[in-house]
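# Analysis of the macromolecular model
One letter stands for each residue in the lines below.
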There are 2 protein chains.
Amino acid sequence: MLKSFLSVTAMVTLSAGVIAQETINTPGASVTSPQIVNDSTVTIRIFAPQARHASVVGDLNGEMARDSEGVWSATFSSLPPELYCYAIEIDGVRLNDPSNVHRVRDIATVSDYFILPGDTALPYTVNPSTAHGTVSKVWYPSPATGTSRRLTVYTPSGYEQNPSAPYPVLYLLHGTGGDENSWGELGRATQILDNLIAEGKARPMIVVMPNANMTEQAAPGESPRGLVTPDAKLSALLPGMFEETFDEIVSFTDSTYRTIPTADNRAVAGLSRGGLHTLGIALLRPDDFGYLGMFSAAIGTDAEKASAPYRDLDNRLVRLANSDPQIVIAIGNDDFLYENNVEFRKRLDDLGISYTYIESEGGHSWRNWRKYLTRLLPSLFRNNQ
Amino acid sequence: MLKSFLSVTAMVTLSAGVIAQETINTPGASVTSPQIVNDSTVTIRIFAPQARHASVVGDLNGEMARDSEGVWSATFSSLPPELYCYAIEIDGVRLNDPSNVHRVRDIATVSDYFILPGDTALPYTVNPSTAHGTVSKVWYPSPATGTSRRLTVYTPSGYEQNPSAPYPVLYLLHGTGGDENSWGELGRATQILDNLIAEGKARPMIVVMPNANMTEQAAPGESPRGLVTPDAKLSALLPGMFEETFDEIVSFTDSTYRTIPTADNRAVAGLSRGGLHTLGIALLRPDDFGYLGMFSAAIGTDAEKASAPYRDLDNRLVRLANSDPQIVIAIGNDDFLYENNVEFRKRLDDLGISYTYIESEGGHSWRNWRKYLTRLLPSLFRNNQ
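Reading the values: rules and limits
- Residues numbered from 1 in each chain as written.
- Chains lettered and ligands numbered in written order.
- Predicted model: local features only at pLDDT ≥ 70, side-chain atom pairs only at ≥ 80, totals over all residues.
- Heavy atoms only, no water.
- Salt bridge = Lys/Arg side-chain N within 4 Å of Asp/Glu carboxyl O.
- Helix = DSSP H or I, 4+ residues; strand = E, 2+ residues; numbered from the N terminus.
- Buried < 20%, exposed > 50% of the residue type's maximum accessible area, 1.4 Å probe, protein only.
- Polar contact = N/O pair within 3.5 Å; in protein donor to acceptor, adjacent residues only side chain to side chain.
- Contact = heavy atoms within 4.5 Å.
- pLDDT = per-residue confidence, 0-100.
- Pairing = 2+ DSSP bridges.

What follows covers the pattern of salt bridges. Side-chain pairing between opposite charges can occur once the charged atoms of the two side chains come close. This structure, assessed with the given rule, holds 26 salt bridges over all chains. Among the ionic pairs, aspartate 350 of chain A bridges to lysine 346 of chain A, the shortest N-O distance being 3.0 Å. Pair noted here: aspartate 350 of chain A and lysine 346 of chain A are both in helix H8 (residues 338–350), with a separation of four residues, about one helical turn. Look at aspartate 350 of chain A and you get exposed, because its relative accessible area is 57%. Glutamate 82 of chain B is the salt-bridge partner of lysine 371 of chain B, the closest N and O atoms lying 3.8 Å from each other. Of this pair, lysine 371 of chain B sits in helix H9 (residues 366–376) while glutamate 82 of chain B sits in strand E7 (residues 82–90), and the two are 289 residues apart along the sequence. Residue lysine 371 of chain B is classed as partly exposed on the basis of its relative accessible area of 31%.

All names here are of chain A. Turning to its location among the elements, aspartate 335 is positioned in the loop between strand E17 (326–332) and H8. Separated by 3.2 Å, the side chains of aspartate 335 and serine 296 make a polar contact. Here leucine 337 takes part through its backbone nitrogen, which lies 2.7 Å from a polar atom of the side chain of aspartate 335. Among residues more than four places away in sequence, those in contact with aspartate 335 are Ser296, Gly362, Gly363 and His364.

Next up on the list: the confidence of the model for chain A. All names here are of chain A. Per-residue confidence for chain A gives a mean pLDDT of 87; residues scoring 70 or more make up 87%. Note that residues 1–29 has pLDDT below 50 and, in this model, 59 contacts with residues that lie over four places away or in other chains. Within the model, pLDDT remains below 50 along residues 232–236, and this stretch shows 16 contacts once partners closer than five positions in the same chain are excluded. On the interface metric, ipTM, the complex scores 0.84, and its pTM is 0.87.

Turning our eyes to something else, we now look at the pairing of strand E2 (residues 41–47) of chain A. Residues and elements named next belong to chain A. The element E2 is largely enclosed, with a buried count of five among its seven residues. Both strand E1 (residues 35–37) and E2 contribute to a ladder of three bridges, which runs antiparallel. In the sheet register, valine 37 faces E2, and the bridge partner there is threonine 41. Here E1 folds back onto E2, and the loop between the two strands holds three residues, one of which, asparagine 38, carries a positive phi near 55°. The pairing of E2 with strand E6 (residues 71–76) spans six bridges and is classified as antiparallel. Looking at the pairing, threonine 43 lines up with threonine 75 of E6.

Take a look at the structure:
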């Protein structure tokens, strides 16, 4: 038995080394980084013997110190449970931690990340005993663009095993520069849904995460445009088009999945520009969505003024309010869109339209959007129970 | 109209800047890299004014030169169509190209990549007019490990729209250090399948890509183990277990998807250690798989000798040959497992067992495995036509 074990280990070492030919040998991969102690202290390390200066930047910020072997390190203590993004800056160049394979992309920036488990971060971690939903990348036909377009669909645990059960649907929208992968990556939407549904805090639901960039068919690397670095400007070129053509996505969803195609079982929520889209989609279809979630919504902006769905806004809002959708508005007190949301809420107040308001610390960040989703999900699809 | 356009652009710029708060400002993101000219010349650039030395490493290798602004660059010409992986090394530290968001992970190494389109690379690109299959991340129950485990399932275009059509199944296995994401990432299996099926070169099929690391439930970031950097040794600790428990995956697939549960409609193929697994799975179930694909297979190794499925190998091979499966063996002439495969083929020859042999240039690399998959797919599921 001992002999077998040793032989196997030797084989694996050889094989892994040769597989790595395809990629590249990694200097410094032998250091441990990030090293997490007691779920609250983190050390970031990098082997860079020739560097003159190194620092950690991102959700954590601090100078790194060099040891005699050329390993730089920085330790951060007493950190609250959360998902942390960071990068390392060496002599003015930002790089990802070569010892950490966990990376997420936001627009054109890739960061390393880790999760400190605990109360706040709990919905973001994978629970070993929790039933998991299925996450699918699906292409739907888009007559408006003459193409097919990619979206992400979450179906809850039990969907395949209960072939006659219908489900409500949440449409969950990204912001400027995002795509159909964003909520599943930095948003940790899969884990949040799995955990809240397993705990009975949210109803089992289908969640559809489309791509709102109408000039794109899919996220980078999955698109016929080839391997082009995403350009945040692209999504601005067609104001109103995503909102106006949203029926393509609803029709595809209702015809492909076992949905309950009524307003009481249909929600739409989004972050930043997706928060604006949420409003526009509902304004254009005032009887179709029972629940709206506007996270750090880009309302009252030039993007809104350029888009047809938001013209004659007061009358449209009154018409929408006739259907009495549940409206949740969430924003951080440091958000650059905070005043815009104050104005929008005043507008709703003046029109006598009710809504739930969530104000958090912080700004325009995924850290807040994860929390808002965690807050929103338990409130959805309760009218029909 | 002009006014609207300008306003929207201003808004987007502001919004993108603030969203980036969550990640990190990217020095050097303003340079273009990789820059591709005429589908055959590529320039890699990085802004690193304080660097003393910079080079490109990986599928492309070359020194970078510094301009007066501190931008380093290297140009590679007359490159054949292919998918290229690379990284940048600055003063001994390997880093990813901050201007390229396209990255793939192989075990614990993340590389940048780009694709030069053309004959060889054609099946790896996304064709805008091609119908696309659905790629799902699904969890299956694993009584053997007492957990649920994650796998990737490709269902071809038309699967949802033809609710009575059954499909053959290919089980596609990764190598040591890989996981359920590997074939979809560095393997470009989704694009290869979409393109060959659309062209009528491969039959529409379901493809199941499991995780063979029996000590893991899922790929890094998706696993309850938390955000732990993958350890290539883990998968070696349970020799034979993946092969012996493979029925869990077949049962789940046959009960969840519209499969044709016969040997003529069931194939298994894998790379490196997955090539060994392919053989072991078939040896244990000699009547269940009509097609076997062994890519750079880790046969004749200590890993094999430590595993129960490969004992009494000649008799097992003869028993397997009674069912006459189609066997494809593919390997590069530089592969460190080349001689092992020579010996294995001699063994098959001596036993009078027939197989198809593909020998390519190169070694133990994804570049070869993508080609072998492209060669294998058209030959599958033809016995029953």
